Protein chains: 2
Amino acid sequence: MKNSYRVKNKLTLLIVITFSYLGFAQITDQEQIKKIYDTALSQGKGYDWLNYLSNQIGGRLSGSIQAQQAIDYTKAQLDSLGVDEVWLQPVMVPKWVRGTPEFAYFETTPGVTTNVAICALGGSVATPQQGIKAGIIEVDGIEQLTVLGKDKIEGKIVFFNKPMDPTLINTFSSYSNCVDQRYAGALEASKFGALGVIVRSMNLRLDDFPHTGSMSYGDQLVNERIPAAAISTNAADLLSTSLKLNPEIKFYFKQNCKQFDDVQSFNVIAEIKGTSKPDEIIVFGGHLDSWDLGDGAHDDGAGCVQSMEVLNLFKKTGYKPKRTVRVVLFMNEENGLRGGNKYAEVAASQNEKHIFALESDSGGFTPRGFSFDSTDKDFEKIKGWKSLFEPYLVHYFEKGSGGADIGPLKNEDIVLAGLRPDSQRYFDHHHSENDTFDQVNKRELELGAASMASLIYLVDKYGF
Amino acid sequence: MKNSYRVKNKLTLLIVITFSYLGFAQITDQEQIKKIYDTALSQGKGYDWLNYLSNQIGGRLSGSIQAQQAIDYTKAQLDSLGVDEVWLQPVMVPKWVRGTPEFAYFETTPGVTTNVAICALGGSVATPQQGIKAGIIEVDGIEQLTVLGKDKIEGKIVFFNKPMDPTLINTFSSYSNCVDQRYAGALEASKFGALGVIVRSMNLRLDDFPHTGSMSYGDQLVNERIPAAAISTNAADLLSTSLKLNPEIKFYFKQNCKQFDDVQSFNVIAEIKGTSKPDEIIVFGGHLDSWDLGDGAHDDGAGCVQSMEVLNLFKKTGYKPKRTVRVVLFMNEENGLRGGNKYAEVAASQNEKHIFALESDSGGFTPRGFSFDSTDKDFEKIKGWKSLFEPYLVHYFEKGSGGADIGPLKNEDIVLAGLRPDSQRYFDHHHSENDTFDQVNKRELELGAASMASLIYLVDKYGF
C-alpha cells in the first residue's frame, strides 16, 4: 500500500509538473505571439484569398453580382477553416451603378479641347444625356463658395481643387481635411446655382487616376441635385493652370450613373466559441464591399482577408480562445454603412456582450500599430502590452478612432480599435482603378494579420 | 547724458532680447526638424533627381557609360544647389559586362525542355560558347557540399536552393543567412568538381525575376573558375519539384559575361563648410553605381538622392551647420567597394577628422529609424534624441552596422550609422530588373531624406 501510494504520488507529481510545464510553454505571451507571426509569414492564407477576391471576382460595389460572389466565396473559405459557426446576416443595401465610362474635356477656345480623366462620385446623379457644358470656376474648398457668392457661381460648374496637405505625416489627416468638398461639394454648390461639380481626386500623388468615393445630397429634392465627378490630380493641375491663363474656359462632362432601389445583401460572419467565457464577444473585421474602379485589394479586401486570417492563425497555432472570437465581413461600408449598422442593431437586440472590436480598413501595408477608442483605464492596460509588439516593429499605440463599420457598436463597455498600417501609399490607390492586387505586398499583408491576431490573443487572455 | 544712456541701455536690452528670442526660435529642435520634414514633403528635389537617374540614365554598373553619366548629372545638380564645394574624387573601378542575355533550360527527357529565367552573377566567368549541359544536383546551402562530397558533385551543375527565411522580420537578416551561396557558391562547388552553379535568387517573393549580385572566386586561378548564375524563385521552385520527380534532369545554361581591365571612375562629393568647427566632418551618402538589370532606383539611387537632399534641405530651411557637412556618392559599392575604400584612404592621408558617417543603402521605403555603430556613451546620447523623431513615426534606434561604403572609415572616434527603412519589399526589387523608379513612392523617399537631415542636424548641433 505504502509503496503503491508513493508511486501514485510520484506519478501525480510528474503529471502535474509535465502539465504545468506544457501549460506554461503554451501560454507565454512572447512565445504565442511569435508562433502567430511565424505562422502568418510562412503559412498564411490571406494573400491567396485576396488574389481570388481581386482577380477572380474584382470590384465589389454594394448590390453588384461581384459583391454577392464575394459573400459566397468568403463564406465557403470560412467554412473550410473548421470554425464553430459561419453564417450570413441579411442586410438591405443601396445599389448605385456607374454606367458607361464618363467623358470630359475642357475647351480653351472653340474647337480646341483637352480630354481629362474623370469618374462619377458614388451616389451622384447623371448629367443630362447630352452632357453639361458650361463655364468653370475654381474654388479652394467649400468655404470659398460663400466668398464668391451666387453671382460668380450660378450657371457654372464648380471645380473644387483644394489639395491634400503633403506635410501631414498621417495621410488620413490630410484626407479628413479636404474630403468635405467631395462629400458635400455638390449639395453646397447647388445652393449657389452651380450646374455640376468637378472635385480634385483625394490623392497626394500626381497621376492620371480619378478617385471616386461617396457623396451625399442630404435630403435635397431629386430635381435639385447636380452631378459630381472626380478629376485626376494631373488633370486638376492642368485645368487649374489653364484657368489662370484663360478664365473663360468651358468644361464639358457626361456621366450616366444611376441609383436603383435597395437590394438584399449580407454580412458574412464566422466565430470560434469561447471555452470559458463564450458570452463575451471579441469582434474583428473589414468591409467586403469596395468601389467599382479597381479590384478593392487595399480597400478593403486586405482587411477582410486579414480578419479571416486571425481565425486561421488561432486554428493553426492551436490557440483555443476563452472568449468568443468573431470575424465580420461588413457589407456596404463605402456608400451606406448598412452592414455596420445592421450588425450593431442585431447585437443589441440579442443582448450580446461585445468587449472588443477591431477593424482593419486602412490598406494592407506594413502595420505600424493600433488606435484605440477606450477609457483611460483600459488604454493603460493596453499600453502594458506594447513591448510585446516591438520585436515586430509595431510601435504605434495611440488613442484614436476604431473604424467606420465597428463605430455603431460604441458604448461605454466596449473598446474599439483600428489597425494602423503605414499610410504613405494608401491614397495612391484608394477608390481608384489603381487599387489592385499587384499593389499589395504579401509580407506586409501577413504582418498586419499577425498583429491583429496577437492583439486579439491578448484581449482574449486578459480581458478588460 | 543720463537720459541718453538710459535710452541706449534700453535699446541694447531690446536688441539682446529680440536676438535671443529669434535665436531661440530658430534653434528649437522640434521646430527645425518640423521645418526639415515639411520642406522635404513639399519642396523636395530627390524624387525628380531619382526620376532622371532612373529613366534618363538607367542602370549604372561600375565602369559603364551610364555610371559616368550619373557622375556628370549628380555633380551638375549638386553644383546648382550653391553649396561651398563640389568635386570628383578619382578611383579606379572594375568593369564587368553581362554581354548578350543569358539562356537556360532544363530537360526532363531528351527533347522535352522548360526554359527558366536566369542571369549571370556579377563577376562570373562566361560559360563555354556552346553553353554547359550537365546533370544538376540541388543543395540546401554551402554546408551541404561537404555532406554530398565529390562523388555526387563532380561533373554536375550545383543548384543552391536555400531559401530566405520568411519568419525573420528584418529581411536583411534573412538575406545575410543565405547570401554566402551566391557569393562563394561557385568557388566552393568548384572544389568538388562542379561545372557551374545556379543559385536561387535572394528574394522572399515568388516571381519571375532573377536577381544578380556580387560573387567572388577569391584568388582562384582563372582556368579553375566555373560560371555562376541566379535563377528566379518561381523557376527555382519548379526546378526543385521537377528534380524530386526525376533526379536525372539535365540543365543547360549559357552566358557570355566578361571581366575587363579596371577603368577610371569617380566618387562625387559636395559640402557645406562648417561655420565654427569646419574641421569636424559629418559625411553621408549612398552609392551611385548599381547593377545593370533594373535602373537601380531603390539600390541605391534612393540613397544618393536622399543624401543630396540633405544639403538641399539645409539650404532651403536656412540652416547653417557649425561643422562641415559633406555628401559622398560612392562609386562601385556593388562589385568592389573601391569608392568607399578610396574615400577612407584619402580622408586618412589628409588627416581629416570625421565625427559621424551616415549611409542610406536599404531602399527608398518609409524610414523606420537608424542603426548605430558607436560606443555605448555615444549611443546613450543618440537615444536622447529619439523622442524628436516619434512624431514622424521613426522609432527604431538600435545598435547595428552603418553601411558598406562608410565601413572603411571606422575607427574609435567616429560614429557610423545607417538609415533603416521598412525592409519588407526590399528584396522584391534588389538587384533585379524589377528595381525601377515606378516602385519608389515619393513620400516614402522624402521622409527618409528628412529623417537623415534631422539626425545630421542634431549631430551637427550637439556633436559627440
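Residues numbered from 1 in each chain as written. Chains lettered and ligands numbered in written order. Predicted model: local features only at pLDDT ≥ 70, side-chain atom pairs only at ≥ 80, totals over all residues. Heavy atoms only, no water.

### Focus on the domain arrangement of chain A
It is common to give the size of an interface as the accessible area that goes away when the parts come together. All names here are of chain A. Domain boundaries in chain A define domain 1 (33-94 + 261-462) and domain 2 (99-256). If you average the C-alpha positions of domain 1 and of domain 2, the two centres end up 33 Å apart. Across the boundary between the two partners, domain 1 contributes 15 residues, which contact 19 residues of domain 2. Interface area for domain 1 against domain 2, summed over the two sides, is near 1,400 Å², with a carbon-plus-sulfur share of 63%. The largest share of the area that domain 1 buries against domain 2 comes from Trp-291, Phe-427 and Asp-428, three residues that together contribute 39% of it. Where domain 1 meets domain 2, there are one salt bridge. In this structure, the salt-bridge partner of Arg-205 is Asp-428, at a minimum N-O distance of 3.7 Å. One can count four residue pairs in polar contact (both at pLDDT 80 or more) joining domain 1 with domain 2. (Domains from an automatic or database assignment. Contact = heavy atoms within 4.5 Å. Buried area = accessible area lost by both parts, 1.4 Å probe. Salt bridge = Lys/Arg side-chain N within 4 Å of Asp/Glu carboxyl O. Polar contact = N/O pair within 3.5 Å; in protein donor to acceptor, adjacent residues only side chain to side chain.)

### A closer look at the sheet that holds strand E13 (residues 353-359) of chain A
All names here are of chain A. Overall, mixed pairing links the eight strands, which are arranged E1-E10-E12-E11-E13-E16-E14-E15 in an open sheet. Bordering the open sheet on either side are strand E1 (85-97) and strand E15 (396-399), each of which pairs with just one other strand. With direction set aside, neighbouring strand axes in the sheet form an average angle of 20 degrees. Along the sheet, helix H12 (residues 376-383) makes contact with strand E14 (367-373), E15 and strand E16 (415-421), crossing E15 at roughly 175 degrees. (Pairing = 2+ DSSP bridges. Helix = DSSP H or I, 4+ residues; strand = E, 2+ residues; numbered from the N terminus. Axes fitted to C-alpha atoms, helices over the stretch in contact; angles between N-to-C directions.)

### Structural notes on the environment of B:Tyr52
Residue and element names in this part refer to chain B. Tracing the backbone shows Tyr-52 in helix H3 (residues 46-57). For the pair Tyr-52 and Phe-437, spaced 385 residues apart in sequence, the C-alpha separation works out to 9.4 Å. Once residues lying within four places of it in the same chain are set aside, the contact partners of Tyr-52 are Ile-57 and Tyr-73.

### Thoughts on the relation of the copies chain B and chain A
Taken as rigid bodies, chain B and chain A are interconverted by a rotation of 180 degrees and an axial shift of 0.0 Å, the fit giving an RMSD of 0.0 Å. Here the two chains are linked by the operation of a two-fold rotation axis. Every residue of chain B has its C-alpha some distance from the rotation axis, and the shortest such distance is that of B:His395, at 3.6 Å. A high fraction, 100%, of the interface residues of chain B reappear at the interface in chain A, so the copies pair face to face through one surface. (Least-squares fit on C-alpha atoms with pLDDT ≥ 70 in both.)

### Thoughts on empty space enclosed by the protein
Taken as a whole and assessed by the stated rule, the structure comprises five cavities of 30 Å³ or more. Here the largest cavity is characterised by a volume of approximately 50 Å³. Considering the residues around the largest cavity, the lining is formed by A:Ser290, A:Trp291, A:Leu293, A:Gly294, A:Gly296, A:Asp299, A:His431, A:Ser432 and A:Asp435. Of the residues contributing to the lining of the largest cavity, the split by class is two nonpolar, five polar and two charged. Each pocket or cavity is described by its volume, and for the second largest cavity that value is around 40 Å³. B:Ser290, B:Trp291, B:Gly294, B:Gly296, B:Asp299, B:Glu334, B:His431, B:Ser432 and B:Asp435 are the residues that line the second largest cavity. For the lining of the second largest cavity, a count of residues per class yields one nonpolar, five polar and three charged. (1 Å grid on protein atoms, 1.4 Å probe; cavity = no way out; pocket = protein on both sides within 12 Å on 5 of 7 lines; lining within 4 Å. Points joined across faces, edges and corners; volume = space filled by probe spheres on them. Nonpolar A, V, L, I, M, F, W, Y, C, P; charged D, E, K, R; others polar.)

### Some thoughts on the pattern of salt bridges
Counted according to the given criterion, the structure contains 50 salt bridges over all chains. Residues A:Lys191 and A:Glu188 are paired through a salt bridge, measuring 3.1 Å at the closest nitrogen-oxygen approach. Close ionic contact of B:Arg98 with B:Asp292 constitutes a salt bridge, the shortest N to O distance being 2.7 Å. Taken together, the residues B:Arg98 in the loop between strand E1 (85-97) and strand E2 (103-109) and B:Asp292 in the loop between strand E11 (277-287) and helix H10 (297-316) connect sequence positions 194 residues apart. Judged by relative accessible area, which is 8%, B:Arg98 ranks as buried. Where salt bridges share partners, they join A:Glu85, A:Glu271, A:Lys273, A:Arg326 and A:Glu352 into one cluster. (Buried < 20%, exposed > 50% of the residue type's maximum accessible area, 1.4 Å probe, protein only.)

### Overview of the packing of aromatic side chains
Scanning all chains against the criterion turns up 50 aromatic pairs over all chains. Relative to B:Tyr426, the ring of B:Phe365 has its centre 6.3 Å away and its plane inclined at 85 degrees; by these criteria the two rings are edge-to-face. In this pair, B:Phe365 is assigned in the loop between strand E13 (353-359) and strand E14 (367-373) and B:Tyr426 in helix H13 (residues 426-429), connecting sequence segments 61 residues apart. Accessibility assignment for this pair places B:Phe365 and B:Tyr426 in one class, buried. Arranged with centres 6.1 Å apart and planes meeting at 40 degrees, the rings of B:Trp385 and B:Phe464 form a pair that is tilted. Of this pair, B:Trp385 sits in the loop between helix H12 (376-383) and strand E15 (396-399) while B:Phe464 sits in the segment after helix H14 (442-462), and the two are 79 residues apart along the sequence. When its relative accessible area of 7% is taken as the criterion, B:Trp385 is described as buried. Through successive ring pairs, a cluster of aromatic residues spans A:Phe172, A:Tyr175, A:Phe365, A:Tyr426 and A:Phe427. (Phe/Tyr/Trp six-rings, centres within 6.5 Å; stacked < 30°, edge-to-face > 60°.)

### What to know about the interface of chain B and chain A
Taken together, the contact between chain B and chain A spans 25 residues of the former and 25 residues of the latter. Of the roughly 2,400 Å² buried between chain B and chain A, counting both surfaces, carbon and sulfur atoms make up 56%. Of all residues in chain B, B:Ile169, B:Arg368 and B:Arg443 give up the largest surface area on contact with chain A, accounting jointly for 28% of the area buried on that side. For the pair chain B and chain A, the number of links is two salt bridges. Of the charged contacts, one joins A:Arg425 and B:Glu444 as a salt bridge, the two residues approaching to 2.9 Å between their closest N and O atoms. Summed over the shared surface of chain B and chain A, the number is 14 residue pairs in polar contact (both at pLDDT 80 or more). Breaking the side of chain B that touches chain A down by element, the ones donating at least two residues are helix H2 (29-43), E14 and H14 of chain B. Its residues placed into classes, the side of chain B that touches chain A shows eleven nonpolar, seven polar and seven charged.

### Notes on unusual backbone geometry
Cis geometry marks the peptide bond from A:Asp299 to A:Asp300, where omega comes out at 0 degrees. Mapped onto the fold, A:Asp300 is located in helix H10 (residues 297-316). Phi is positive for B:Asn332, which is not a glycine, with a value near 75 degrees. On the secondary structure map, B:Asn332 appears in the loop between strand E12 (323-330) and helix H11 (338-349). In this structure, B:His431 is a non-glycine residue whose phi angle is positive, near 65 degrees. Inspection of the secondary structure assignment puts B:His431 in the loop between H13 and H14.

### Digging into the packing of H3(B) against H10(B)
All names here are of chain B. Their axes nearest at 9 Å, the elements H3 and H10 cross at an angle of 140 degrees. Between H3 and H10, the crossing angle belongs to the class labelled oblique. For H3 against H10, the interelement crossing comes out right-handed. In this structure, H3 uses Gly-46, Trp-49, Leu-50, Leu-53 and Ser-54 to contact H10, whose residues at the interface are Ala-297, Gly-301, Ala-302, Val-305, Met-308, Glu-309 and Asn-312. Here the residues of the contact of H3 with H10 sort into seven nonpolar, four polar and one charged. (Parallel < 35°, antiparallel > 145°, perpendicular 65-115°, else oblique. Left-handed = near helix turned anticlockwise from the far one by under 90°.)

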